[in-house]
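# Residue-level structural notes
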Amino acid sequence: NEVWTFLLAIRTELFLFCAAVVAYFSLFANVHPKKSKTAQGKQVVRQLDLQADFDISGRNRQVELLSSEEIERAFQSAYESDDYRQVLRCWTAMKRLSSAPSVCLAHVVESMQRFRKDSPFILRELQSFLKRFPNKCCVGTLNDLVESLGRRLDSELVTQILDMMLTM
């Protein structure tokens, strides 16, 4: 009888506790997450990170290079998931390729800007890429880049890029 009286006295506390448990599981329970394209892209980028770690060590270790298609897929996946650090890692790997990668320079510049890179740095990166792969220096590529920067109202960088293109 005393137990029953005690339970009636604390029924509000028990109700709130049960409601909190239900709310927790409904909000934070993760039922079998699906493996997405983003996770696959991150796996390739992790391989790039391992490769970069070996390159930074200063030793001439032979590391299996990723194909340009894998790097391009990782780049696109990272850009779509707004992971600008991974986009820039893929960009660094793309600059080392022997053949010109199919990359949207507007995405690269946007990622650099979102990662707080300044205009001189962006210009140097673009200039070194276009000197290494002169066949990527076409009107369509530059139109896409200028259009993207124009939508973000970055007229200063547009002017600097156009001046750089005139000197190349």
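To start, this report covers the structure provided alongside it. (Residues numbered from 1 in each chain as written. Predicted model: local features only at pLDDT ≥ 70, side-chain atom pairs only at ≥ 80, totals over all residues. Heavy atoms only, no water.)

Now for the overall build of the protein. Counting its regular elements, the protein contains 9 helices and 0 strands. Listed N to C, the secondary structure of the protein is α-α-α-α-α-α-α-α-α in terms of helices and strands. Burial status across the protein gives 31% buried among its 168 residues. Here the protein displays about 11,700 Å² of accessible surface, and carbon together with sulfur accounts for 56% of that area. (Helix = DSSP H or I, 4+ residues; strand = E, 2+ residues; numbered from the N terminus. Buried < 20%, exposed > 50% of the residue type's maximum accessible area, 1.4 Å probe, protein only. Areas by Shrake-Rupley, 256 points an atom, 1.4 Å probe, with all protein chains shown as cover.)

In this structure the tally under the stated criterion is 3 aromatic pairs. Their ring planes at 40 degrees and their centres at 4.8 Å tell us that W91 and F129 sit as a pair that is tilted. Linking W91 in helix α5 (residues 84-95) with F129 in helix α7 (residues 119-132), this pair joins segments that are 38 residues apart in sequence. As far as burial versus exposure is concerned, W91 and F129 are alike and both buried. Pairwise contacts between aromatic rings join W91, F129 and F133 into one cluster. Positioned above the aromatic ring of F121 is the side chain of K117, whose terminal nitrogen or guanidinium carbon lies 5.1 Å from the ring centre. (Phe/Tyr/Trp six-rings, centres within 6.5 Å; stacked < 30°, edge-to-face > 60°. Lys NZ or Arg CZ within 6 Å of the ring centre and 35° of its normal.)

Moving on, we come to the nonpolar core. Core analysis: the biggest nonpolar cluster contains 32 residues, and V103, L126 and I161 have the highest contact counts within it. Considering every element that reaches this core, the biggest residue donor is α5, with 6 residues. Each residue touching L126, except ones within four places of it in the same chain, is listed here: L105, V109, L145, I161 and M164. (Core = buried A, V, L, I, M, F, W, Y, C linked by side-chain atoms within 4.5 Å. Contact = heavy atoms within 4.5 Å.)

Quick look at the pattern of salt bridges now. In the structure shown here, the tally under the stated rule is 4 salt bridges. The residue E125 makes a salt bridge to K95 at a minimum N-O spacing of 2.5 Å. Of this pair, E125 sits in helix α7 while K95 sits in helix α5; the two residues are 30 residues apart in sequence, bridging distant segments of the chain. On the basis of relative accessible area, E125 is assigned to the buried category, the value being 12%. (Salt bridge = Lys/Arg side-chain N within 4 Å of Asp/Glu carboxyl O.)

Inspection of the secondary structure puts A100 in the loop between α5 and α6 (105-114). Separated by 32 residues in sequence, A100 and R132 place their C-alpha atoms 8.4 Å apart. When neighbours within four sequence positions are excluded, A100 is seen to be in contact with F133, N135 and K136.

What follows deals with a nonpolar patch on the surface. Residues V3, W4, F6, L7, L8 and L14 make up a contiguous nonpolar surface patch of roughly 620 Å² in combined accessible area. Judged by its relative accessible area of 40%, L14 falls in the partly exposed class. (Patch = residues over 30% accessible without salt bridge, like charges linked within 9 Å, V, L, I, M, F, W, Y side chains within 5 Å.)

Its location among the elements puts V109 in helix α6. Distance from V109 to I122, taken between C-alpha atoms, is 6.8 Å for residues 13 residues apart in sequence. Among residues more than four places away in sequence, those in contact with V109 are I122, L126, L145, L149, R152 and L157.

So, about unusual backbone geometry. Not every positive phi belongs to a glycine, and D82 is a case in point at roughly 60 degrees. Even without a glycine there, the phi angle at R116 is positive, about 65 degrees. Mapping R116 onto the fold places it in the loop between α6 and α7.

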